[in-house]
Amino acid sequence: MKALLTTLSLLLLSLSVQAQTTAPTQSQADPNMPQDIVTQDGLWDGRLRGGNYIVRCNSIIALSKHEYISDGVARVVEVNLTLNSAQVVRFYFLEPYKPDSGSSTLNAGTQALEKAKGLYEQAAGRVSQDLVTPKVVKNYPVSTHAHTVEFSIKDEKILNSLFGSLERSFRTGQGRVWKEPTPK
């Protein structure tokens with residue numbers, strides 16, 4: 001009986017130590033990177049600066065990530081969810097397009113965009129940090145479609161993290177809470 005109690009005690013102690021070493025603490029987490037926490041509810045819960053999005057993992061039919069040039073002036077990296085509903089969900093990062101062609105016309109346009117963006121961010125940053133955060137702009141009915149939910153992500157690394165979290169949930173059906181970091 002004493003041997004059984006000793007074995008049980010060692011087993012419980014071992015599980016306790018393992019749980020402590022595998023779960024990251026708040027102080028160990030990088031505050032500049034998104035949090036991605038596994039849950040048991042079967043929901044992917046995205047908590048973004050532009051809003052929240054929750055979807056049942058088994059409702060995701062397809063997940064894509066692709067890159068394109070929009071109107072010759074912006075490079076867009078976009079993550080799309082296809083659901084078993086009429087709703088389309090897009091998460092994207094965009095930046096001024098910098099062509100490799102050496103064309104002075106394209107370079108002048110890109111430089112003008114970069115300068116305007118820089119001046120806007122400088123002025124907005126002095127007024128409110130929130131103004132520097134990218135926002136989705138919709139011009140109804142031209143630039144958006146019915147049943148479309150869009151989120152703009154400021155950093156491509158954060159968009160890649162979001163895609164990784166969605167992909168893990170899509171492949172496993174396991175829920176996750178993904179939190180975009182708050183700027184300082």
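What you are looking at is a predicted structure, and each value in this text was computed from that prediction instead of being measured.

(A) Molecular detail of the sheet that holds strand β1 (residues 35–39). Strands sit in the order β1-β8-β2-β3 across an open sheet of four strands; the sheet is mixed. Unpaired on one side and paired on the other, β1 and β3 (51–56) mark the two borders of the sheet. Each strand axis lies, on average, 10° off the axis of its neighbour in the sheet, ignoring direction. Note that strand β2 (residues 43–48) and strand β8 (residues 175–179) share four bridges and pair parallel. Note on β8: the bridge partner recorded for Asp45 is Val177. Packing against the sheet, helix α4 (residues 156–172) makes contact with β1, β2 and β8, and its axis sits at approximately 170° to β8.

(B) Focus on the pairing of strand β7 (residues 148–152). Counting buried positions over the five residues of β7 gives four, a clear majority of the element. In this structure, strand β6 (residues 88–96) lies alongside β7, joined through five bridges in parallel fashion. Its bridge partner being in β7, Phe91 is matched across the sheet by Phe151.

(C) Just the pairing of β6, in detail. Bridge count for strand β5 (residues 74–83) against β6 is nine bridges, and the pairing is antiparallel. Its bridge partner lying in β6, Asn80 is registered against Arg90. What sits between β5 and β6 in their antiparallel hairpin is a turn of four residues.

(D) Expanded view of the side chain of Glu180. Here Glu180 shows up in the segment after β8. Looking at Glu180, its side chain comes within polar contact range of the main-chain nitrogen of Arg49, at 2.9 Å. Leaving out residues up to four positions away in the same chain, Glu180 has contacts with Arg47, Leu48, Arg49, Ile153, Lys154 and Ile158.

(E) Expanded view of the packing of aromatic side chains. Evaluated as defined, the whole model comprises four aromatic pairs. Taking 6.1 Å as the distance between ring centres and 75° as the angle between the ring planes, the aromatic pair formed by Trp44 and Phe91 counts as edge-to-face. A residue pair is termed long-range when its members are at least 10 positions apart, and Trp44 in strand β2 and Phe91 in strand β6 qualify at 47 residues. Each member of the pair, Trp44 as well as Phe91, carries the same accessibility label: buried. Where Phe91 meets Phe151, the ring centres are 5.3 Å apart and the plane angle is 15°; that geometry is what we call stacked. A residue pair is termed long-range when its members are at least 10 positions apart, and Phe91 in strand β6 and Phe151 in strand β7 qualify at 60 residues. Overall, the relative accessible area of 6% leaves Phe151 in the buried class. Taken together, the ring pairs in this structure connect Trp44, Tyr53, Phe91 and Phe151 into an aromatic cluster. Directly above the ring of Phe163 sits Lys65, whose terminal nitrogen or CZ lies 5.9 Å from the centroid.

(F) View of the sheet that holds β7. Ordered in space as β4-β5-β6-β7, the four strands form an open sheet in which the pairing is mixed. Looking along the sheet, the strands with just one partner apiece sit at the ends: β4 (60–70) and β7. For this sheet the average axis-to-axis angle between neighbouring strands, irrespective of direction, equals 20°. In terms of strand pairing, β4 meets β5 through 10 bridges, oriented antiparallel. Looking at β5, one finds that Lys65 is bridged to Val79. Across the sheet, α4 lies against β4, β5 and β6, angled at about 160° from β4, the strand it touches most.

(G) Inspection of the confidence of the model for the protein at higher detail. When pLDDT is averaged along the protein, the result is 76; 59% of the residues meet or exceed 70. Segment residues 4–28 is flagged for pLDDT under 50; beyond a separation of four residues in sequence, or across chains, it makes two contacts in the model.

What counts and how
Residues numbered from 1 in each chain as written. Predicted model: local features only at pLDDT ≥ 70, side-chain atom pairs only at ≥ 80, totals over all residues. Heavy atoms only, no water. Pairing = 2+ DSSP bridges. Helix = DSSP H or I, 4+ residues; strand = E, 2+ residues; numbered from the N terminus. Axes fitted to C-alpha atoms, helices over the stretch in contact; angles between N-to-C directions. Contact = heavy atoms within 4.5 Å. Buried < 20%, exposed > 50% of the residue type's maximum accessible area, 1.4 Å probe, protein only. Polar contact = N/O pair within 3.5 Å; in protein donor to acceptor, adjacent residues only side chain to side chain. Phe/Tyr/Trp six-rings, centres within 6.5 Å; stacked < 30°, edge-to-face > 60°. Lys NZ or Arg CZ within 6 Å of the ring centre and 35° of its normal. pLDDT = per-residue confidence, 0-100.

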